[in-house]
Every structure is written in C-alpha cells, then in structure tokens.
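Spelled out from the first residue to the last, the chains are:
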Amino acid sequence: SESAKGAKIEVELPDFPGVTAMNLDPDILPKLGLRSEKGRLIAPVHLTIPAAAMGSGLGSYHSYSGDYDVQMFDPESVREYRLDELRLGDLVAIIDADSKFGRSYRRGHIVIGIVVHSCSTVAGHGPGVTTLFTGKKEHLGFELSKKANLAFALGIGVARKNKTKAKKRRKK
C-alpha cells in the first residue's frame, strides 16, 4: 500500500505473490527491466553479494526505510565478488538474505536492492543497499547485466550521455 510517494512504499505484485516489493515508486517499476520466467520475477543486477558480506543494518526490525551496508573489510572478498565495482544506483542481488520482516540471513532467499550510498572505512560499514524486492529463490531470481543501474532505467547520467552520442551519430 502506498502511504506517501517515496516513503515506506510497498508495491503489490499480483503476478508474483511470493515476492515482496518495497521502497520504490510504482512509476519506476516498469523501467527496471524486470521479466517473468516460469512464474518467477527476474531482475537485472550488476553484481551478486553473499549475505555474509552484509554488515551495519542487519537485524533492523523492518526494511521499509534505510539500508544495510556491504562490508569492504576483507580484500579477498572484495576481489572475489568484485565489490570494488559497485556504483551508486546499481541493482544488486544479495544471496541467502531476506528483508521481508527486517534484514536477516536466510538460506534460499534473495534480496534485490539498490546501492544508495558509497563506501566507508568504518568496520561493518560500506556501500549501502536499500531493499527493493525480497523472496525465496523459487519466486525471485536475477540475471547479470552491466546496465542494471537506475541511471539506465531513467536515462540519466552516464546513460543520458550515451543516448546523446547515439543521436549525434544517427544525424550524420
């Protein structure tokens, strides 16, 4: 139910009853490149992140505001999961995580979120991810895409520059 535009929004997805959607403007939903595959909601994501890498924000009593942080404390994990490639606006999949009733580790579940703030050097903190979708793997999936970023969904920033260059080439 929508309580106020941009604040604590839960969007109903009648075609995907096993997926909870939150923290997004319903007008953005069709722009995210979501698709259906065998009854599952499939979201494009730039990277996958193991739940073990998540830090500050775990245990929150709800996920309808705020975020939780990707810990950048371990150089091997940063390299293995390419966490240094995270960008503001990236859509990411957090594996074995659940945010339906707060943020927690839960095998067989996935959180699709968006990177909303940058890195921190404080232990347990790092780039922040706000939950957009959460559900069991049977109901929610992902596919990797370098364009899984809000900039491409909205045609702003880097995506706008690419559109402008393409238009100039077509005119020549």
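Residues numbered from 1 in each chain as written. Predicted model: local features only at pLDDT ≥ 70, side-chain atom pairs only at ≥ 80, totals over all residues. Heavy atoms only, no water.

Asks: Account for the overall build of the protein chain, with residues named and values stated.
Replies: Helices and strands together make up the secondary structure of the protein chain, namely three helices and 10 strands. Shown N-terminal to C-terminal, the secondary structure of the protein chain runs as helices and strands in the order β-β-β-β-β-β-α-β-β-β-β-α-α. Partitioning the intrachain contacts of the protein chain with sequence separation of at least 6 by distance along the chain shows that 63% fall at a separation of at least 24. (Helix = DSSP H or I, 4+ residues; strand = E, 2+ residues; numbered from the N terminus. Contact = heavy atoms within 4.5 Å.)

Asks: How would you sum up the pattern of salt bridges? Please name residues and give values.
Replies: Inspection of the entire model under this criterion finds four salt bridges. We note a salt bridge from E143 to R35, for which the minimum N-O separation is 2.9 Å. Of the two residues, E143 sits in strand β10 (residues 140-144) while R35 sits in strand β3 (residues 35-37), which places them 108 residues apart along the sequence. For R35, a relative accessible area of 32% corresponds to the partly exposed category. A salt bridge links E85 to R82; the nearest nitrogen and oxygen atoms lie 3.1 Å apart. Assessed through its relative accessible area of 33%, E85 is described here as partly exposed. The partly exposed category is assigned to R82, whose relative accessible area is 37%. (Salt bridge = Lys/Arg side-chain N within 4 Å of Asp/Glu carboxyl O. Buried < 20%, exposed > 50% of the residue type's maximum accessible area, 1.4 Å probe, protein only.)

Asks: Can you tell me about the pairing of strand β8 (residues 104-117), naming the residues and giving the values?
Replies: Bridge count for strand β7 (residues 91-98) against β8 is seven bridges, and the pairing is antiparallel. Considered in β8, the bridge of V92 is made with G113. Counted between consecutive antiparallel strands, the loop separating β7 from β8 contains five residues, among which G102 sits at a positive phi close to 95°. (Pairing = 2+ DSSP bridges.)

Asks: Give a description of the nonpolar core that names residues and reports values.
Replies: Counting 21 residues, the largest nonpolar core has L13, V19, L24, L41, I112, F133 and L140 as the members making the most contacts within it. Excluding residues within four positions of it along the chain, L13 makes contact with V19, A21, L29, L41 and F133. (Core = buried A, V, L, I, M, F, W, Y, C linked by side-chain atoms within 4.5 Å.)

Asks: Can you tell me about the environment of E80, naming the residues and giving the values?
Replies: Tracing the sequence through the fold places E80 in helix α1 (residues 75-80). Within the structure, E80 has its side chain in polar contact with the side chain of Y81 (distance 3.4 Å). (Polar contact = N/O pair within 3.5 Å; in protein donor to acceptor, adjacent residues only side chain to side chain.)

Asks: Tell me what's going on with the sheet that holds β10, and back it up with residues and numbers.
Replies: Ordered in space as β3-β4-β10, the three strands form an open sheet in which the pairing is mixed. Of all strands in the sheet, those bounded by a partner on one side alone are β3 and β10. In this sheet, adjacent strand axes meet at a mean angle of 40° when their direction is disregarded. Relative to strand β4 (residues 40-45), β3 runs antiparallel, the two being bridged by three bridges. (Axes fitted to C-alpha atoms, helices over the stretch in contact; angles between N-to-C directions.)

Asks: Could you give an account of the environment of G124, with specific residues and numbers?
Replies: With respect to the element layout, G124 can be found in the loop between β8 and β9 (128-136). Along the chain, G124 and Q71 lie 53 residues apart, while their C-alpha atoms are 5.3 Å from each other.

Asks: Describe in detail the pairing of β4, supporting the description with residues and values.
Replies: One face of the sheet, then the other: side chains in a regular strand alternate in exactly this way. The buried fraction of β4 amounts to five of the six residues, a majority that puts the element mostly inside the structure. By the bridge criterion, five bridges tie β4 to β10 in an arrangement that is parallel. Note that in β10 the partner of A43 across the bridge is F142.

Asks: I'd love a proper account of the confidence of the model for the protein chain, names of residues and values included.
Replies: Averaged over all residues, the pLDDT of the protein chain equals 83, while 81% of them reach at least 70. Ranking the elements of the protein chain by mean pLDDT puts helix α3 (residues 158-171) last with 62 and β4 first with 98. The low-confidence segment residues 1-8 (pLDDT under 50) makes 11 contacts with residues lying over four places distant or belonging to another chain. (pLDDT = per-residue confidence, 0-100.)

Asks: Now, about unusual backbone geometry: what can you tell me, with residues and values included?
Replies: Not every positive phi belongs to a glycine, and K38 is a case in point at roughly 50°. Checked against the element boundaries, K38 lands in the loop between β3 and β4. Classification of K38 by relative accessible area gives exposed; the value is 84%. Even without being a glycine, D96 presents a positive backbone phi close to 65°. On the secondary structure map, D96 appears in strand β7.

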